[in-house]
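# Structural characterization, general
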Amino acid sequence: MSDQRPRLLLVEDDPQLGPMMARVLDEVYDVSLVPDGGEALTTAQEQSYDVLIIDRRLPGMDGVSLVEALRRSGRSTPTLILTALGTVQDKVR
């Protein structure tokens, strides 16, 4: 059995929330925290991750566009999108 933790890419631009989430998730995952959607796209295409957690509203590229770009490039990594947006339409998108 391997001692290696699963790799997680956390994309969150909030300077307080991002590091706090990374610390909590680091108990189980090897976490990479990236605060920008464009930077996250490059990171996710250059490295392999087991799971992605992506904020919906990001500088550089929003979370939905980021996931769409990753899917177009052939990445099918399981992804959780977080949003503070409240409408049903926002959540469904």
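Everything discussed here concerns the structure shown above.
Residues numbered from 1 in each chain as written. Predicted model: local features only at pLDDT ≥ 70, side-chain atom pairs only at ≥ 80, totals over all residues. Heavy atoms only, no water.

In this section: the pairing of strand 3 (residues 51-55). Judged by how many residues are buried, strand 3 sits mostly within the fold: 5 of 5 residues are covered. Where strand 1 (residues 7-11) and strand 3 come together, 4 bridges link them in parallel fashion. Following the sheet pairing, V11 is matched in strand 3 by I54. Inspection of the sheet shows strand 3 paired to strand 4 (residues 79-82) by 4 bridges, in the parallel sense. Across the sheet, I53 pairs through a bridge with L80, a residue of strand 4. For the crossover that starts at strand 3, traverses helix 3 (residues 63-72) and ends in the parallel strand 4, the hand is right-handed. (Buried < 20%, exposed > 50% of the residue type's maximum accessible area, 1.4 Å probe, protein only. Helix = DSSP H or I, 4+ residues; strand = E, 2+ residues; numbered from the N terminus. Pairing = 2+ DSSP bridges. Right-handed = clockwise from strand over helix to strand, strands pointing away.)

A pair can form between side chains of opposite charge whenever their charged atoms are brought close. Across all of its chains, the model carries 2 salt bridges by this definition. Across the pair R5 and D26 runs a salt bridge, and its minimum N-O distance is 3.1 Å. Pair noted here: R5 is in the segment before strand 1 and D26 is in the loop between helix 1 (17-25) and strand 2 (30-34), with a separation of 21 residues, a long-range link. R5 gets classed as partly exposed once you look at its relative accessible area, which sits at 33%. Since its relative accessible area comes to 35%, D26 is described here as partly exposed. The salt bridge partner of D30 is R7, with a shortest N-O separation of 3.9 Å. Taken together, the residues D30 in strand 2 and R7 in strand 1 connect sequence positions 23 residues apart. (Salt bridge = Lys/Arg side-chain N within 4 Å of Asp/Glu carboxyl O.)

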